[in-house]
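# Structural features, examined
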Amino acid sequence: MTDQYAVFGNPINHSKSPQIHGWFAEQTQQDLSYLPILAPEDDFQSSAERFFAEGGLGANVTVPFKLDALVFADQLSPRARRAGAVNTLQKGKQGMIYGDNTDGVGLVRDLTNNLGLSLQGKRVLLVGAGGAARGVVEPLIKAGVGRLKIANRTPEKAQQLIKIFHGLQQDSELSAGNWRSLEGSQYDLVINATSASLSGDLPPLPQGIFAPGALAYDMMYAAEPTSFMRWAQQEGAEQVADGLGMLVEQAAEAFFLWREVRPATQPVLQRLRHQLTEG
Ligand code: NDP
């Protein structure tokens, strides 16, 4: 029987994951199917239980179920536990469900492999403290960033993240604050992990935050540059990027966990970008 995988979300029609995993499977000649599953907002558990009981081997989990998936998993990777979110589930021995979080690895791979950035010693500003931000803090610290500042509309949530990740790597200096606390500082990398771009909004960041040569990264992706990317360009960021590469890289990491085969991400990213811009 063909091995079965899926992505759970609500809504789910917009998801590019079935296409990405379909291309990975084709490229690596793996016999698998990967389907989108619309789970009821208030009952992720029943949908996930049914999927695994009917033979499903692994699943991705997207908005709004990453916390439900954390609770659903019998066993968690340390990075998923610290992130407080699961985006990848895998059926293990004796039917145990293993939960992991590949979002952060996906971001770091996109930054380093696709965009050619070295993170070692860099001054990084992470804007936002929601699910996506939580998932990327640990991999950024482990990649050796020099300073990581987390700023959020609700600054207490940024403070909480600092408490969780404090002491993970001694060489990285961690701090948190509100928008005003950013005045007068410069960063080599500014990551927008807020959902503001979804509604064409911008987090109210002060002027002058981009250091010479800085990269502005928006986790959101779209056919056109996002509001954050346009603002960053006006503000003098040397390079701007959206989160399509992160999406493909987190998928590749999940695929690797499930199949122990690492797909080439560049051709898939190029194909997806072409599809996104050409419609
Ligand atoms: P959450 O709802 O968990 O968090 C939203 C965050 O955005 C919070 O920090 C919230 O602040 C902040 N925020 C929302 N609106 C505004 C605003 N108008 N101004 C300033 N801050 C705002 O969302 P996620 O973390 O799951 O997702 C965030 C983004 O990341 C989305 O655009 C999503 O599409 C993208 N993403 C991309 C991925 C990829 O692979 N490329 C993977 C995962 C996410 P507060 O705490 O004050 O409410």
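For the protein chain, an unreviewed UniProt entry supplies the name Shikimate dehydrogenase (NADP(+)) and the organism Marinospirillum celere. Recorded in UniProt for the protein chain, the comment headed Catalytic activity (unreviewed entry) runs: "shikimate + NADP(+) = 3-dehydroshikimate + NADPH + H(+)". Recorded in UniProt under Subunit (unreviewed entry), the annotation for the protein chain is "Homodimer."

### Let's talk about the packing of helix α1 (residues 17–28) against helix α10 (residues 266–278)
Following both chains from N to C, one finds α1 and α10 inclined at 140 degrees, their axes separated by 10 Å at the closest point. Overall, the two elements α1 and α10 adopt an arrangement that is oblique. For the crossing formed where α1 meets α10, the hand is right-handed. Along the contact surface, α1 presents Q19, I20, W23, F24, E26 and Q27, while α10 presents P267, V268, R271, L272 and Q275. Residues of the contact of α1 with α10, tallied by class, amount to six nonpolar, three polar and two charged.

### Details of the packing of aromatic side chains
Under the counting rule described, the total for this entry stands at eleven aromatic pairs. Judged by centre distance (5.7 Å) and plane angle (55 degrees), the rings of F210 and W231 are tilted. Here F210 is found in strand β11 (residues 210–218), whereas its partner W231 is found in helix α8 (residues 227–234), with 21 residues between them in sequence. Taking the relative accessible area as the measure of exposure, W231 reaches 14% and is therefore buried. A network of ring pairs unites the aromatic residues F8, F44, F51, F52, F65 and F72 as a single cluster.

### As for the site of the ligand
Taken together, the neighbourhood of the ligand is formed by 22 residues, with A132, N152, T154, K157 and G243 sitting nearest. Here an oxygen atom of the ligand sits 3.0 Å away from a polar atom, N or O, in the main chain of A129. Contacts to the ligand include A132, whose backbone N or O atom sits 2.8 Å from an oxygen atom. Coverage of the ligand by the protein chains reaches 78% of its 940 Å² of free accessible surface. Counting only elements with at least two residues in the shell around the ligand, the list comes to α6 (131–142) and α9 (244–259). In terms of residue class, the shell around the ligand is built from ten nonpolar, eight polar and four charged. When residues of the shell around the ligand are assigned to domains, at least three map to each of domain 1 (3–100 + 245–278) and domain 2 (104–241).

Scoring rules and cut-offs
- Residues numbered from 1 in each chain as written.
- Predicted model: local features only at pLDDT ≥ 70, side-chain atom pairs only at ≥ 80, totals over all residues.
- Heavy atoms only, no water.
- UniProt positions renumbered as here; feature names shortened; annotations may be inferred.
- Axes fitted to C-alpha atoms, helices over the stretch in contact; angles between N-to-C directions.
- Helix = DSSP H or I, 4+ residues; strand = E, 2+ residues; numbered from the N terminus.
- Parallel < 35°, antiparallel > 145°, perpendicular 65-115°, else oblique.
- Left-handed = near helix turned anticlockwise from the far one by under 90°.
- Contact = heavy atoms within 4.5 Å.
- Nonpolar A, V, L, I, M, F, W, Y, C, P; charged D, E, K, R; others polar.
- Phe/Tyr/Trp six-rings, centres within 6.5 Å; stacked < 30°, edge-to-face > 60°.
- Buried < 20%, exposed > 50% of the residue type's maximum accessible area, 1.4 Å probe, protein only.
- Near = heavy atom within 4 Å.
- Polar contact = N/O pair within 3.5 Å; in protein donor to acceptor, adjacent residues only side chain to side chain.
- Areas by Shrake-Rupley, 256 points an atom, 1.4 Å probe, with all protein chains shown as cover.
- Domains from an automatic or database assignment.

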